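Inside the fold
The lines below spell out each chain.
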Amino acid sequence: MSEIHPALAQGNVAVVTGGANGIGLAAARRFLGFGMKVCIVDADAGQLAQVLPELGPDAIGKVVDVSDRRAVEALACEVEGQLGPVSVLMNNAGTGGGGDALTSPEGWQRVLGVNLFGVVNGTQAFGPAMAARDAPGLIVNTGSKQGITSPPGDTAYNVSKAGVRAFTEGLAHTLRNREGCRVTAHLLIPGFTYTGMMKKWLPEKPAGAWDPEQVADAMIAGLARGDFYLWCLDNETTRKKDEKRVLWGAMDITENRPALSRWDPAWKDAFERFMGG
Ligand code: NAD
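Note that the structure is a prediction, hence the values are computed from the model and not measured.

What follows covers the state of the cysteines. Inspection of the entire model under this criterion finds zero disulfides. Its sulfur unpaired, Cys-39 is 13 Å from the next cysteine sulfur, which belongs to Cys-77. Given a relative accessible area of 0%, Cys-39 falls into the buried group. Cys-181 carries a free sulfur, and the closest cysteine sulfur to it, the one in Cys-77, is 20 Å from it.

All right, on to the packing of aromatic side chains then. Counting across every chain of the model gives four aromatic pairs. Seen in terms of ring centroids, Trp-248 and Phe-274 are 5.3 Å apart; in terms of plane orientation they differ by 55°. Their pairing is tilted. In this pair, Trp-248 is assigned in helix α9 (residues 239-254) and Phe-274 in helix α10 (residues 268-276), connecting sequence segments 26 residues apart. The exposure class assigned to Trp-248 is buried, which follows from its relative accessible area of 3%. Phe-274 sits in the partly exposed class, given a relative accessible area of 22%. One aromatic cluster is present, built from ring pairs that chain together Trp-248, Trp-267, Phe-271 and Phe-274. Between the NZ or CZ atom of Lys-244 and the centre of the ring of Phe-274, over which it lies, the distance is 5.6 Å.

Moving on to the packing of helix α1 (residues 22-33) against helix α2 (residues 45-55). The contact between α1 and α2 brings their axes to 12 Å, and the two run at 20°. Relative to α2, α1 is oriented roughly parallel. The interaxial crossing formed by α1 with α2 has right-handed handedness. In contact with Leu-25, Arg-29 and Leu-32 of α1, α2 contributes Val-51, Glu-54 and Leu-55. Residue classes in the contact of α1 with α2 are distributed as four nonpolar, no polar and two charged.

With that out of the way, let us pick up the nonpolar core. Core analysis: the biggest nonpolar cluster contains 35 residues, and Val-15, Cys-39, Val-79, Val-86, Phe-126, Met-130 and Leu-175 have the highest contact counts within it. Sorting the residues of this core by element identifies β1 (13-17), β2 (37-42), α3 (69-83), β4 (86-91), α4 (105-132), α6 (155-176) and β6 (183-189) as the ones contributing at least two each. Broken down by element, the residue count for this core peaks at eight residues, all from α4. When residues no more than four places from it in sequence are discounted, the contact partners of Met-130 are Val-86, Ser-87, Val-88, Leu-89, Gly-137, Leu-138, Ile-139 and Val-183. If you look at the next biggest cluster of nonpolar residues, it comprises 31 residues, including Val-16, Leu-32, Val-140 and Trp-210.

Turning next to the site of the ligand. Neighbouring the ligand are 27 residues; Asp-42, Asp-65, Tyr-157, Lys-161 and Thr-195 lie closest to it. Isolated, the ligand exposes 820 Å² of accessible area, and the fraction of that covered by the protein chains is 91%. Elements that contribute at least two residues to the shell around the ligand include exactly α1, α6 and α7 (196-199). For the shell around the ligand, the element with the highest residue contribution is α7, accounting for three residues. A breakdown of the residues in the shell around the ligand according to their chemical character gives 11 nonpolar, 12 polar and four charged.

Among the five residues of β1, five are classified as buried, and the element is accordingly described as predominantly covered. Sheet topology note: the β1/β2 ladder contains five bridges and is parallel. Bridge pairing in β2 links Val-13 to Lys-37. Tracing the backbone out of β1, into α1 and back to the parallel element β2 gives a crossover that is right-handed. The sheet contact formed by β1 and β4 spans four bridges and is parallel. Directly across from Val-13, in β4, lies its bridge partner Val-86.

Calculation criteria
Residues numbered from 1 in each chain as written. Predicted model: local features only at pLDDT ≥ 70, side-chain atom pairs only at ≥ 80, totals over all residues. Heavy atoms only, no water. Disulfide = S-S within 2.5 Å. Buried < 20%, exposed > 50% of the residue type's maximum accessible area, 1.4 Å probe, protein only. Phe/Tyr/Trp six-rings, centres within 6.5 Å; stacked < 30°, edge-to-face > 60°. Helix = DSSP H or I, 4+ residues; strand = E, 2+ residues; numbered from the N terminus. Lys NZ or Arg CZ within 6 Å of the ring centre and 35° of its normal. Axes fitted to C-alpha atoms, helices over the stretch in contact; angles between N-to-C directions. Parallel < 35°, antiparallel > 145°, perpendicular 65-115°, else oblique. Left-handed = near helix turned anticlockwise from the far one by under 90°. Contact = heavy atoms within 4.5 Å. Nonpolar A, V, L, I, M, F, W, Y, C, P; charged D, E, K, R; others polar. Core = buried A, V, L, I, M, F, W, Y, C linked by side-chain atoms within 4.5 Å. Near = heavy atom within 4 Å. Areas by Shrake-Rupley, 256 points an atom, 1.4 Å probe, with all protein chains shown as cover. Pairing = 2+ DSSP bridges. Right-handed = clockwise from strand over helix to strand, strands pointing away.

All quantities given are derived from atomic positions and should not be read as evidence of function.
Okay, structure coming up:
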């Protein structure tokens, strides 16, 4: 058993959605490093087939769209049958480009389907059996700073990740109040990370971005501290700066300021003073 979290133990089973690329793949490699058996779940069959051989004999792959509830329920049965009971679930599959508040109904369906309902589906397909077992378990859901500070642009993405945050907070509360339950839930909050998503638009890694391996390391370090919020940095922000941005957003409510005042020209100077002060 590792000292990081009791579920991260040799021979235990981990499931990672969106595991064929980026942050999920880096996390899957960490889990394999603990001697675990890992099921990589991804909708991209080609990418999955490409990475699977290099992960070794303890990794299996399943092509599943996490927004498809029935397919995720079938996946839970298959994984348990093939590898045994699941100890670690990482609901990480994600996508972007949903659209702003007035456009793209298809984009909203797709982004909420994958980012939010993918997390709900995964948790509800695997979670009850994990919680019922008298064994340690770990659920990590991948959120985003965008689900907390809501920068303008891809509002659908922000809504999906705000939903993942609220869902995972509720999940943590439910699990810790369940008699005898040994499963903990955590919210992974990556910063700017150079992954598959981004490689499509940016052929070279921007200096400000972290590698997915750094996010996986931050996740493991946060779990070792027992953190619920597995907060990650990148090369262009600091923990202090992030904390101030989160506080400013919360203070829009407590100070009765306009929505998203950080991006309102009338509040620009006040925000800059707050950040610098
Ligand atoms: P990525 O594109 O490298 O990996 C995402 C993976 O999810 C891909 O392999 C993709 O095929 C898979 N996927 C997409 N839709 C799916 C579906 N319907 N069913 C199953 N798999 C699906 O991107 P990433 O940056 O590693 O993203 C991982 C998570 O991290 C996402 O939830 C993303 O929103 C989140 N995140 C990323 C960043 C960043 O800067 N890269 C920042 C904050 C949060």
